[in-house]
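# Tertiary structure, described
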Amino acid sequence: PRCRAAIHTPAHTAGHTSYLASAPSSVSAVFTGDALFVGGCGRFFEGGPEDMCETMRRLSALPREALVYAGHEYTVKNLQFALEVEPGNSAAQQKIQWAEARRASSEPTVPSTVGDELRFNPFMRVAVPEVRAYCGAADDDVTCMRRLRNKKDNFAGSSRPWVPGGGPLPGL
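To start, this report covers the structure provided alongside it. Being a predicted model, the structure only gives us computed values, none of them experimental.

### Remarks on the overall build of the chain
Scanning the chain from terminus to terminus reveals six helices and seven strands. Starting at the N terminus and walking to the C terminus, you meet the elements of the chain as β-β-β-β-β-α-β-α-α-β-α-α-α. Based on the C-alpha atoms only, the size of the chain along its principal axes is roughly 45 × 35 × 30 Å. Considering the chain as a whole, with its 172 residues, one finds that 49% of them fall into the buried category. Restricting to contacts in the chain with at least 6 residues of sequence separation, those with at least 24 account for 61%. A total of about 8,000 Å² of accessible surface is found on the chain, and carbon and sulfur atoms cover 53% of it. Of the charged side chains in the chain, 19 are positive and 18 negative, and the gap between their average positions amounts to 2 Å.

### With respect to the environment of Gln-80
As for its placement among the helices and strands, Gln-80 is situated in helix α2 (residues 75-85). Take Gln-80: its relative accessible area is 30%, and that puts it in the partly exposed class. In sequence terms Gln-80 and Lys-95 are 15 residues apart; their C-alpha atoms lie 10 Å from each other. Contact partners of Gln-80, with chain neighbours within four places excluded, come to Ile-96 and Phe-155. At a separation of 3.0 Å, a polar atom in the side chain of Gln-80 contacts the side chain of Lys-77.

### Considering helix α6 (residues 141-153)
End to end, α6 covers 18 Å across 13 residues, agreeing with the expected 18 Å (1.5 Å per residue, within 8%). For α6, the full list of buried residues reads Thr-143, Cys-144, Met-145, Arg-146, Leu-148, Arg-149, Asn-150, Lys-152 and Asp-153. Each element contacted by the buried residues of α6 is listed here: β5 (40-41), α1 (49-60), α2 and α5 (129-134). The distance from a side-chain oxygen at the start of α6 to the backbone nitrogen of Val-142 is 3.1 Å, and the residue carrying that oxygen is Asp-140.

### Some words on the packing of aromatic side chains
Counting across every chain of the model gives five aromatic pairs. Note on Phe-81 and Tyr-134: the rings are 6.1 Å apart at their centroids and 80 degrees apart in plane angle, and the pair reads as edge-to-face. Note that Phe-81 is positioned in helix α2 and Tyr-134 in helix α5, a separation of 53 residues in sequence. When the ring of Phe-81 is compared with that of Phe-155, the centres are 5.3 Å apart and the planes differ by 70 degrees; the resulting orientation is edge-to-face. Taken together, the positions of Phe-81 in helix α2 and Phe-155 in the segment after α6 put the pair 74 residues apart, joining distant regions of the chain. Under the relative-accessibility criterion, Phe-81 is labelled buried at 0%. Positioned over the ring face of Trp-98 is Lys-95, at 4.2 Å from the centre of the ring. Geometry around Tyr-134 places Lys-151 over its ring, the cationic atom sitting 5.1 Å from the centre.

How each quantity is defined
- Residues numbered from 1 in each chain as written.
- Predicted model: local features only at pLDDT ≥ 70, side-chain atom pairs only at ≥ 80, totals over all residues.
- Heavy atoms only, no water.
- Helix = DSSP H or I, 4+ residues; strand = E, 2+ residues; numbered from the N terminus.
- Buried < 20%, exposed > 50% of the residue type's maximum accessible area, 1.4 Å probe, protein only.
- Contact = heavy atoms within 4.5 Å.
- Areas by Shrake-Rupley, 256 points an atom, 1.4 Å probe, with all protein chains shown as cover.
- Lys, Arg positive; Asp, Glu negative; His and termini not counted.
- Charge placed at Lys NZ, Arg CZ, Asp CG, Glu CD.
- Polar contact = N/O pair within 3.5 Å; in protein donor to acceptor, adjacent residues only side chain to side chain.
- Expected span 1.5 Å × (residues − 1).
- Phe/Tyr/Trp six-rings, centres within 6.5 Å; stacked < 30°, edge-to-face > 60°.
- Lys NZ or Arg CZ within 6 Å of the ring centre and 35° of its normal.

See below:
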């Protein structure tokens, strides 16, 4: 495989970079580190919701079949949150059943695909009416992203606030 592109994907950190790789006659793969997880995204440490919206736009533009290799195994907790946001999302319902079975067998849930993430990852779906409704009828993507991240940071099982010292992102 060879690196086809380094993609600036800030928000978790200011210089966060994801890498798109491919080999001849194979599907592309994007290594997203702490920007995009299966069903979720990284916390906003050195960036804000504007940065994450741009990051998600960039990753959404990749081929739907591109494999997504995230830096952590947070799939089940992320999908629990995704189903709180969109309880009727059948793609998220199917994915969490699959993920729980994989984890029960000590198997990984990574990789995903860009196309799958677009179907169930709420952080890639901030323009979807159901996600905006969950976020208090947010008028725009940035407001929705801010509120969504705040809600995820306070979701049952989250380990700590978004920055040392605590507190939500301004503008909830």
